Amino acid sequence: MALNIVLIEPEIPNNTGNIGRLALASGSNLHLVKPFGFEITDARLKRAGLDYWQHLNLHYYENLEEFFSKNKDANMVFLSSHGEKNHWDISFEDNMFLVFGKESVGLPKALLQKHENKLFKIPLYSNHVRSLNLANAVSIVVYEGIRQIQILNSIKR
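No experiment lies behind these values; they were computed from the predicted model shown. (Residues numbered from 1 in each chain as written. Predicted model: local features only at pLDDT ≥ 70, side-chain atom pairs only at ≥ 80, totals over all residues. Heavy atoms only, no water.)

## Some thoughts on the packing of aromatic side chains
At step 1: Tallied over the full model, the rule gives 4 aromatic pairs.
At step 2: Pairing Tyr 61 with Phe 67 gives two aromatic rings, centres 5.1 Å apart and planes at 85°, and the pair type is edge-to-face. For the pair formed by Tyr 61 and Phe 67, the shared burial category is buried.
At step 3: Their ring planes at 55° and their centres at 6.1 Å tell us that Phe 67 and Phe 97 sit as a pair that is tilted. Taken together, the residues span a long stretch of sequence, with Phe 67 in helix α3 (residues 64–70) and Phe 97 in strand β6 (residues 97–100) at a distance of 30 residues. There is no split in this pair, since Phe 67 and Phe 97 are both buried.
At step 4: By way of ring pairs, the aromatic residues Tyr 61, Phe 67, Phe 68 and Phe 97 are connected into one cluster. (Phe/Tyr/Trp six-rings, centres within 6.5 Å; stacked < 30°, edge-to-face > 60°. Buried < 20%, exposed > 50% of the residue type's maximum accessible area, 1.4 Å probe, protein only. Helix = DSSP H or I, 4+ residues; strand = E, 2+ residues; numbered from the N terminus.)

Below you can see the structure in the form of structure tokens.
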């Protein structure tokens, strides 16, 4: 079982480092789409990812076009505070790509429009919060995916 975590133009090294640790812990692959808001050698990225970074199944892409070209047949869902459906309504599958936008503005509007039928959100229960921290959001979605996939696999046995 593996999920694919995709970060489109991540800006905060600590978030990316934490998400890298999460990817390794959850058996997920991490896909990073440039440009980044930091250098990949940033000490904050390494500190948040600790010594786990070397063990990651990590993929880099120069831009969105390269990412979509190399993964054109992949099963993808897109996570955004603009989604209408909740993340637990995703029909998670092995090898699914979970696509997240950058911290400051989320996913590009063109992607939101093009994939609106595959757009999901994490529900927020306070009017005082616009969105969750990216690393927290990725954690919530990845572990919900693992939970659902494990349930499906146990039913198939």
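Let's pick the thread back up.
## Brief notes about the nonpolar core
At step 1: Within the largest apolar cluster, 29 residues are counted, with the highest numbers of intra-cluster contacts made by Ile 5, Leu 7, Leu 30, Leu 98 and Val 138.
At step 2: Mapped onto this core, the elements with two or more residues apiece are β1 (4–8), α1 (13–26), β2 (29–33), β4 (76–79), β6 and α5 (134–156).
At step 3: Setting aside chain neighbours within four positions, we find Ile 5 in contact with Ile 19, Leu 22, Ala 23, Ser 28, Asn 29, Leu 30, His 31, Leu 98, Val 138 and Val 142.
At step 4: In terms of nonpolar packing, the next biggest core, distinct from the first, is built from 14 residues, Val 6, Val 33, Tyr 61 and Leu 107 among them. (Core = buried A, V, L, I, M, F, W, Y, C linked by side-chain atoms within 4.5 Å. Contact = heavy atoms within 4.5 Å.)

Take it as geometry only, folks, not as evidence of what the structure does.
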